[in-house]
Amino acid sequence: MTTTDSPEDLLAGLTFPPGFVFGAATAAYQIEGAADEDGRGRSIWDTYSHTPGRTFGGHTGDVACDHYHRYRDDVALMRELGLSAYRFSVSWPRVLPEGAGRVEQRGLDFYRRLVDELLEAGIDPWLTLYHWDLPQALQDRGGWADRDTAARFADYSAVVVDALGDRVRHWSTLNEPMCSSLIGHMAGAHAPGLQDPVAASRAVHHLLLGHGLAAGRLRAAGVESFGITLNFTPMSPATDSPADLDAARRLDGQQNRMFLDPVVSGAYPADVVDDLAAAGAPLPVQDGDLEIIAAPLDWLGVNYYFEQTVRAGARPADKPPTSFIGGENVVELDPEGPTTTMGWGISPRAFTDLLLWLGAKAPGLPLMITENGSAWDDVVDAEGAVHDPERVDFLLRHLAAMTAAIERGADVRGYFAWSLMDNFEWARGYAQRFGLVHVDYDTQRRTVKDSGRVYAEVLRRHREG
Ligand code: IFM
């Protein structure tokens, strides 16, 4: 593979193990809309996005892709693309409007209809219980900084598995707890919008505790395919100086190892424990917690987008607040080379390295790529087509990087593109388009992009051997 390979060359070079799962992913608040329908309660993202100045252009998920009403058409699109699996999340406040106690049957019924539609189309549902939309009622009682929220999450998971366990085989607890804890409580750039290191470190631990407690409830209900999704950003030092090496160690610790190690090995990394304690924000671990958090997994969900180079030094005043506890003394360098519209660099090589590193950290644990994708300025042209050559290139090169890791021994079992369709990109609103399918937010018209067609071709070739 060279940097000048054409899409056809890249496509021709791709082969995947038999039974490899191919899907696309979305999340409830990013696509559903119908924010006030069928008894749905408010989530922290309703509050955050409705707070002036928080999101790009004041965008909210009130309508989003209107998937709540259009799910049948969206499943038909997935079928057209040839997906064998679909990863989606359940909105906690749709099911338990107050976060705990009263169950809203209409919310559960929506997910039952969606799952039935998927099964009817021959598409395997992969359900995530928490993709960042905590019920506001629980935030009002302390949110993830409060230990009780972990127990409430376990109760919620029991409600959902009771309703859908007969038809959904693949279950995941959390999506990217790094984001819901550190970005939400340290940088304040996601809901609930706090800038409080103590709350951030408490949220880290309580999210992971909630994962472990929910594992017990799901296993008790008979779930046999169970995982968690973590987002990994490989961190490299700008130089070999001790200060830069230490900066990379600290950010790698909080971004990657702080979430991976307790889940797969039952212990927080000692250096991270020390860093957080030194920053006055210790992890609030109680006896027995780590055994709960290390509940056995059937697979690890891996989200990968970009790598990061860092150096030691005071963070420039024009940079947004750091997501890392003590991160005020670390500078994240701008990527070299082209970037996506998110400003993220592009590094398929780091994807291969990450998968090999994970294989070594958690031997024997199958990996599922639960998200990978890129945002670009897509437009529907006069012929009604969306030409997105950068996304096509990104997609094919990352698939090739993944197969390179598989050839070198990484046990990767599936790949979910982020995202099925353009959607609400959190604080960046609708300005960032990640979809394989373009969404016109004025008309809700869906248009399959060139990348969607290329992905469908990858899947067709894989299916037909
Ligand atoms: O849109 C998000 C998704 O919700 C979580 N992972 C990263 C994506 C792109 O930023």
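Residues numbered from 1 in each chain as written. Predicted model: local features only at pLDDT ≥ 70, side-chain atom pairs only at ≥ 80, totals over all residues. Heavy atoms only, no water.

1. Remarks on the overall build of the chain
Next, step 1: Assigned secondary structure in the chain consists of 16 helices and 13 strands.
Next, step 2: Expressed as a percentage of its 465 residues, the buried residues of the chain come to 60%.
Next, step 3: Counting only contacts in the chain whose residues sit at least 6 apart along the sequence, the fraction spanning at least 24 positions is 76%.
Next, step 4: One finds the centroid of the 41 positive side-chain charges in the chain at a distance of 3 Å from the centroid of its 66 negative side-chain charges. (Helix = DSSP H or I, 4+ residues; strand = E, 2+ residues; numbered from the N terminus. Buried < 20%, exposed > 50% of the residue type's maximum accessible area, 1.4 Å probe, protein only. Contact = heavy atoms within 4.5 Å. Lys, Arg positive; Asp, Glu negative; His and termini not counted. Charge placed at Lys NZ, Arg CZ, Asp CG, Glu CD.)

2. Some words on the site of the ligand
Next, step 1: Near the ligand, the surroundings consist of Gln30, His131, Trp132, Asn175, Glu176, Tyr305, Trp344, Glu371, Trp418, Glu425, Trp426 and Phe434.
Next, step 2: Here Trp426 contributes a side-chain N or O atom positioned 2.8 Å from an oxygen atom of the ligand.
Next, step 3: The fraction of the free accessible surface of the ligand (280 Å²) that becomes covered by protein chains is 95%.
Next, step 4: The class makeup of the residues in the shell around the ligand is six nonpolar, three polar and three charged. (Near = heavy atom within 4 Å. Polar contact = N/O pair within 3.5 Å; in protein donor to acceptor, adjacent residues only side chain to side chain. Areas by Shrake-Rupley, 256 points an atom, 1.4 Å probe, with all protein chains shown as cover. Nonpolar A, V, L, I, M, F, W, Y, C, P; charged D, E, K, R; others polar.)

3. Description of empty space enclosed by the protein
Any empty space left between the atoms is revealed when a probe the size of a water molecule rolls over them.
Next, step 1: For the coordinates displayed, the defined rule picks out four cavities of 30 Å³ or more.
Next, step 2: The space that makes up the largest cavity amounts to roughly 60 Å³.
Next, step 3: Taken together, Asn372, Gly373, Ser374, Arg391, Phe394, Leu395, Tyr415, Ala417, Trp418, Ser419, Phe434 and Leu436 make up the full set of residues lining the largest cavity.
Next, step 4: For the lining of the largest cavity, the secondary-structure elements that each account for two or more residues are helix H15 (389-407) and strand E11 (412-418).
Next, step 5: For the lining of the largest cavity, the per-class residue count stands at seven nonpolar, four polar and one charged. (1 Å grid on protein atoms, 1.4 Å probe; cavity = no way out; pocket = protein on both sides within 12 Å on 5 of 7 lines; lining within 4 Å. Points joined across faces, edges and corners; volume = space filled by probe spheres on them.)

4. Quick notes on the pattern of salt bridges
Next, step 1: Counted according to the given criterion, the structure contains 41 salt bridges.
Next, step 2: Between Arg446 and Asp74 there is a salt bridge, with its nearest N and O atoms 3.0 Å apart. Here Arg446, found in strand E13 (residues 445-448), pairs with Asp74, found in helix H4 (residues 67-81); they are 372 residues apart in sequence, far enough to count as distant.
Next, step 3: Taking relative accessible area as the criterion, Arg446 reaches 17% and is therefore assigned buried.
Next, step 4: In this structure, Arg141 and Asp148 form a salt bridge, with 3.8 Å as the shortest nitrogen-oxygen distance.
Next, step 5: The exposure class assigned to Arg141 is partly exposed, which follows from its relative accessible area of 48%.
Next, step 6: Overlapping salt bridges bring together Asp246, Arg249, Arg250, Asp252, Arg257, Asp271 and Asp275 as one network. (Salt bridge = Lys/Arg side-chain N within 4 Å of Asp/Glu carboxyl O.)

5. Topic: the packing of aromatic side chains
Next, step 1: One pass over the structure, following the stated rule, counts 36 aromatic pairs.
Next, step 2: Plain terms: the ring middles of Trp92 and Phe153 are 5.6 Å apart, the flat faces sit at 55° to each other, and that makes the pair tilted. Taken together, the residues Trp92 in helix H5 (residues 92-95) and Phe153 in helix H8 (residues 148-164) connect sequence positions 61 residues apart.
Next, step 3: Ring centres of Phe153 and Tyr156 lie 6.0 Å apart, and the angle between their planes is 50°; this geometry places the pair in the tilted category. Here Phe153 pairs with Tyr156, and both are found in helix H8, just three residues apart, close to one helical turn.
Next, step 4: Linked through ring pairs, Tyr29, Trp45, Tyr48, Trp132, Phe424, Trp426, Tyr430 and Tyr441 together constitute an aromatic cluster. (Phe/Tyr/Trp six-rings, centres within 6.5 Å; stacked < 30°, edge-to-face > 60°.)

6. Comments concerning the layout of surface pockets
Next, step 1: Within this model, the second largest pocket holds a volume of roughly 190 Å³.
Next, step 2: Forming the boundary of the second largest pocket are 14 residues, of which Val21, Trp126, Pro366, Met368 and Arg413 lie nearest the centre.
Next, step 3: For the lining of the second largest pocket, a count of residues per class yields nine nonpolar, two polar and three charged.

7. A closer look at the UniProt feature "binding site: substrate" (unreviewed entry) in the chain
Next, step 1: Under the present numbering, the feature "binding site: substrate" (unreviewed entry) in UniProt falls on Gln30, His131, Asn175, Tyr305, Trp418, Glu425 and Trp426. Checked against the lining of the largest cavity, the annotated residues just named reduce to Trp418.
Next, step 2: Along the chain, the position of His131 falls in the loop between strand E3 (124-130) and helix H7 (136-139).
Next, step 3: For His131, a relative accessible area of 2% translates into the label buried.
Next, step 4: Setting aside residues no more than four positions away along its own chain, His131 makes contact with Ala27, Gln30, Arg87, Ser89, Asn175, Glu371, Trp418 and Trp426. (UniProt positions renumbered as here; feature names shortened; annotations may be inferred.)

8. Some remarks on the sheet that holds strand E4 (residues 170-175)
Next, step 1: A barrel is described by the order of its strands in space; here eight strands give the closed sequence E1-E2-E3-E4-E5-E7-E10-E11, paired in parallel fashion. Strand-to-strand twist in this sheet, taken as the mean axis angle between neighbours without regard to direction, amounts to 25°.
Next, step 2: Sheet analysis places strand E1 (residues 21-25) next to strand E2 (residues 85-89), joined by three bridges and oriented parallel. Its bridge partner lying in E2, Ala25 is registered against Arg87.
Next, step 3: Seen against the sheet, helix H10 (residues 197-220) touches E3, E4 and strand E5 (225-232) and runs at an angle of roughly 160° to E5. (Pairing = 2+ DSSP bridges. Axes fitted to C-alpha atoms, helices over the stretch in contact; angles between N-to-C directions.)

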